Amino acid sequence: MSSIQAPRLRSVNDRPEQKDGAFVLYWMTAARRPGWNFALQRAVRVAERKELPLVVLEGLRAGYRWASPRHHAFVLQGMRDHAEHFAARGVRYLPYVEPAPGAGRGLLAALAKRAALVVADDWPCFFLPRMLTRAAAELDVRVEAVDAAGIVPFRVPETTFPTAYAFRRWLQKHLRPYFDEPPLADPLDGVRLPRADALPRGVESRWPLASPALLAAEPAELARLPLDRAVAPVAREGGFVAGRRALADFVRRRLPRYAEERSEPAGDASSGLSPWLHYGHVSVHEVLAAVTARERWTPQRLASTTAGKKEGWWNLDASAEAFLDELVTWRELGFNFCARRPDYDRYESLPDWARATLDLHAQDPREHRYTRDELESSATHDPLWNAAQRQLAREGIIHNYLRMLWGKKVLEWSPSPQAALETLIELNNRWAIDGRDPNSYSGIFWVFGRYDRPWAPERKVFGSIRYMSSQNTARKFDVEPYLERYGPST
Ligand SMILES: Cc1cc2nc3c(=O)[nH]c(=O)nc-3n(C[C@H](O)[C@H](O)[C@H](O)COP(=O)(O)OP(=O)(O)OC[C@H]3O[C@@H](n4cnc5c(N)ncnc54)[C@H](O)[C@@H]3O)c2cc1C
């Protein structure tokens, strides 16, 4: 069994392991997958060494901000896959879905009383870091957090980076050793663990496990939960099985067109993987392995450059290089920021130059001003923006290029940049199936200048923040098929 590198693992409390523990507990909250998962791998390894059973607890809370049938269905579909997967491997899997806010309180502690060790996921944003710290402080057993989020453990860089270019330069110096010990595709393969028969008394009666109907995300089951019902499930199916299918399809059919066609609004050349990456159903290592397998790539092929340029670095074709730059450089840039800046979701975290220019133009008259309700219901004068908002409401996603335009217009049409930021966070995280992710904050704050530079000419409202317009987008791309697909009547 391969080991995991030290920077991925940290102790969250200072309690010892329990010598007479009956099992090792893996608390799955972010890396919601049974393979390519350093946290599960760590839990399996300890269980094997101690000759103890492994118990996997995967919970789904009620009452967190933006909880909706959309997010719940996606996560539940993943839990259904896990129930099948772990049952086939003799691992005790406990899917728990809170029927009401706070109902799950005490479950982790009740299980941890009998655990030799608790292994948890490390994740840098939303309520997860707070939940982990609080829970670990209340337990009498050692809690370890394992970072399975990216190629580089997100706590390794000791600074944040002003641009993707600066981060790429850092990666070009430091990335290579992290390829040496990738996670196992199936950490339970060939492993024999004792079965966990009895759980601590009263656990199953007090915290009943999710039924097959709930795990199937049946509408009647979702309707019983206290969720934001306006935000309905999307057609895209959650879970590692659907995620792997989507990955295979992308690599086989669309990756070769990525560099040329990714920005075409009506095209399908991007991977569409962000929802599965967000919920941890698919791992970045797994994506990297699928992309590089095509060319029998090995890390030795990484060019020994530290100039920060993306072209030629991975030594792959243009499409694979462009894709990996998004998947690794841009994605992990956001993890770095969230891990190092507790104010990652606050206006004050914008660079000084951006706040200065936005402040200078805060009083500029706005040609159009819309309330959050008008925006949310696609009621602006701009058909392309309305179409993007409709795509978000219906499918839980906006095409990448239009997502940038969508954000820029909210800045232009809001009474202040602070109000625009609040609106964007609300719209994105309420409706987007990949929302509440470090990338959500990278993307939203990019609209206001994070990771960017000043642009000329200076404009109303934007100052020297990069400007985008629907007219330019329509000149650059054929937007008609997109407007048709996301028109008001469909
Ligand atoms: C206003 C705004 C809001 C955004 N909100 C989110 C969000 O809530 N969740 C989210 O995952 N992304 C968000 N993004 C970033 C980006 O738009 C999406 O990651 C991308 O469109 C997802 O589509 P894909 O999976 O087909 O990406 P691909 O182009 O196939 O890229 C592969 C993966 O790389 C990562 N990636 C791609 N582009 C970016 C980027 N610009 N920044 C950071 N990582 C990137 C994602 O994990 C993506 O799945 C936002 C961007 C903007 C401008």
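Rules behind the numbers
- Along each chain, the written sequence defines residue order, and numbers are assigned to residues from 1.
- Local features in this predicted model are restricted to residues of pLDDT 70 or higher, and side-chain atom pairs are both shown and tallied only at a pLDDT of 80 or more, whereas totals for entire chains, interfaces and linings draw on every residue.
- As a rule here, side-chain values come from all non-hydrogen atoms in the structure, and water together with hydrogens is ignored.
- A run of DSSP states H or I qualifies as a helix once it reaches four residues; a run of E qualifies as a strand once it reaches two. Both are numbered from the N-terminal end.
- Values of the radius of gyration come from C-alpha atoms, whereas the globule rule sets the reference at 2.2 Å times the count of residues to the power 0.38.
- Buried, partly exposed and exposed residues are distinguished by accessible area as a fraction of the type maximum, computed with a 1.4 Å probe on protein chains only: under 20%, between the cut-offs, and over 50%, respectively.
- Every residue pair with non-hydrogen atoms within 4.5 Å of one another is taken to be in contact.
- Here, Shrake-Rupley sampling with a 1.4 Å probe gives the accessible areas, and only protein chains in the shown set may cover a residue.
- By the counting scheme adopted, Arg and Lys are positive, Glu and Asp are negative, and His together with the chain ends is not counted.
- For this purpose, a charge sits on NZ of Lys, CZ of Arg, CG of Asp or CD of Glu.
- Note on definitions. A residue lies near a molecule or strand when any single heavy atom of the residue is within 4 Å of it.
- Identification of polar contacts relies on pairs of N or O atoms within 3.5 Å, with a donor-acceptor requirement for protein atoms, meaning one able to donate a hydrogen and the other able to accept it, and with residues adjacent in sequence counted only if both atoms are side-chain atoms.
- Any residue outside Ala, Val, Leu, Ile, Met, Phe, Trp, Tyr, Cys, Pro, Asp, Glu, Lys and Arg is labelled polar, Gly included; the first ten of those are nonpolar and the last four are charged.
- For the domain bounds, the source is a domain assignment made automatically or taken from a database.
- Here the buried area means the combined drop in accessible surface, using a 1.4 Å probe, for two parts upon being joined, counting both sides.
- Any carboxyl oxygen of Asp or Glu that lies within 4 Å of a side-chain nitrogen of Lys or Arg is treated as forming a salt bridge with it.
- Only C-alpha atoms enter the line fits that serve as axes; for helices the fit covers just the stretch in contact. Angles between N-to-C directions range over 0 to 180 degrees.
- When the near helix sits turned anticlockwise from the far one by under a right angle, the crossing is termed left-handed; a clockwise turn instead gives a right-handed crossing.
- For cavity detection a 1 Å grid was placed over the protein atoms alone, and a set of points counts as a cavity when a 1.4 Å probe fits there but cannot get out; an open set counts as a pocket when protein lies on both sides within 12 Å along at least five of seven lines, with lining residues being those that have an atom within 4 Å of a point.
- Grid points are joined across faces, edges and corners, and a volume is the space filled by probe spheres set on the points.
- Pairing between strands requires that DSSP locate at least two bridges from one strand to the other.

**Focus: the overall build of the protein**
Next up, step 1: Helices and strands together make up the secondary structure of the protein, namely 21 helices and six strands.
Next up, step 2: Taken against the 2.2 N^0.38 rule, which gives 23 Å for 490 residues, the C-alpha radius of gyration of the protein at 23 Å falls within 12% of a compact globule.
Next up, step 3: Along the first, second and third principal axes, the C-alpha set of the protein runs to 70 × 55 × 40 Å.
Next up, step 4: Within the protein, buried positions represent 57% of all 490 residues.
Next up, step 5: Partitioning the contacts of the protein with sequence separation of at least 6, the portion at a separation of at least 24 is 79%.
Next up, step 6: Entry remark: accessible area of the protein is about 20,600 Å², with carbon and sulfur atoms responsible for 50%.
Next up, step 7: Charge-centre separation for the protein: the mean point of 69 positive side chains lies 2 Å from the mean point of 61 negative side chains.

**A short note on unusual backbone geometry**
Next up, step 1: Cis geometry is adopted by the peptide bond preceding P457, which originates at A456 and carries an omega value of -5°.
Next up, step 2: Secondary-structure assignment places P457 in the loop between α19 (438-447) and α20 (470-476).
Next up, step 3: Even without glycine at this site, R296 takes up a positive phi of about 45°.
Next up, step 4: By secondary structure assignment, the location of R296 is in the loop between α12 (284-293) and α13 (318-340).
Next up, step 5: In the Ramachandran plot, Y451 falls in the positive-phi region, its phi being about 65° despite a non-glycine side chain.
Next up, step 6: Relative to the helices and strands, Y451 is located in the loop between α19 and α20.

**Observations regarding the environment of I397**
Next up, step 1: Position of I397 among the secondary structure elements: in the loop between α16 (383-395) and α17 (400-413).
Next up, step 2: For I397, a relative accessible area of 10% translates into the label buried.
Next up, step 3: Here the alpha-carbon distance between I397 and L40, two residues 357 residues apart in the chain, equals 29 Å.
Next up, step 4: Each residue touching I397, except ones within four places of it in the same chain, is listed here: R236, S274, P275, Q391, L392, R403 and D434.

**Quick word on the site of the ligand**
Next up, step 1: Lining the immediate surroundings of the ligand are 24 residues, of which Y258, S270, S271, G272 and S440 lie closest.
Next up, step 2: Between the ligand and Y258, the relevant distance is 2.5 Å, taken from an oxygen atom to a side-chain nitrogen or oxygen of the residue.
Next up, step 3: A distance of 2.7 Å separates an oxygen atom of the ligand from a polar side-chain atom of S270.
Next up, step 4: Burial of the ligand by the protein amounts to 95% of the accessible area it has alone, namely 820 Å².
Next up, step 5: Of all elements in the fold, only α11 (274-278), α13, α17 and α19 reach the threshold of two or more residues within the shell around the ligand.
Next up, step 6: Across the shell around the ligand, the residue classes tally to nine nonpolar, ten polar and five charged.
Next up, step 7: Each of domain 2 (240-340) and domain 3 (347-485) contributes no fewer than three residues to the shell around the ligand.

**Overview of the domain arrangement of the protein**
Next up, step 1: Taken as a whole, the protein is organised into domain 1 (1-148), domain 2 (240-340) and domain 3 (347-485).
Next up, step 2: Centre-to-centre, using C-alpha coordinates, domain 1 lies 27 Å away from domain 2.
Next up, step 3: On the domain 2 side, the residues contacting the 19 residues of domain 1 number 17 residues.
Next up, step 4: Taking both partners together, domain 1 and domain 2 bury about 1,600 Å²; carbon and sulfur atoms supply 67% of that area.
Next up, step 5: Three residues stand out in domain 1 for area buried against domain 2, namely W36, F74 and P124, and they jointly supply 38% of the buried area on that side.
Next up, step 6: At the boundary of domain 1 and domain 2, one finds zero salt bridges.
Next up, step 7: Of all the elements, helix α2 (residues 69-88) adds the most residues to the side of domain 1 that touches domain 2, at seven residues.

**Let's talk about the packing of α16 against α17**
Next up, step 1: In the contact formed by α16 and α17, the axes pass within 10 Å of each other and the chain directions differ by 115°. For the pair α16 and α17, the sense of crossing is left-handed. Packed against α16, whose contacting residues are L384, W385, A388, Q389 and L392, the element α17 presents L402, L405, W406, K409, V410 and W413 at the interface.
Next up, step 2: Grouping the constituent residues of the contact of α16 with α17 by class yields nine nonpolar, one polar and one charged.

**Focus: the layout of surface pockets**
Next up, step 1: Roughly 950 Å³ of internal volume is contained in the second largest pocket.
Next up, step 2: Along the wall of the second largest pocket there are 35 residues; nearest its centre are W27, R61, E98, F127 and M131.
Next up, step 3: Residue assignment for the lining of the second largest pocket shows that the elements contributing at least two residues are β3 (54-60), α3 (107-112) and α4 (128-138).
Next up, step 4: Sort the elements by how many residues they give to the lining of the second largest pocket and α4 lands first, with six residues.
Next up, step 5: Broken down by class, the residue content of the lining of the second largest pocket amounts to 21 nonpolar, six polar and eight charged.

**Remarks on the sheet that holds strand β5 (residues 115-121)**
Next up, step 1: Reading across from one edge, β1-β6-β5-β2-β3-β4 is the order of the six strands in this open sheet, with mixed pairing throughout. Each edge of the open sheet is held by one strand with a lone partner, namely β1 (9-11) and β4 (92-97). With direction set aside, neighbouring strand axes in the sheet form an average angle of 25°.
Next up, step 2: Here four bridges tie β5 to strand β6 (residues 143-146), and the two strands are oriented parallel to one another. If you follow D121 over to β6, its bridge partner there is V146.
Next up, step 3: Helix α1 (residues 38-50) rests against β1, β2 (23-28), β3, β5 and β6 of the sheet, and its axis sits at about 165° to β5.

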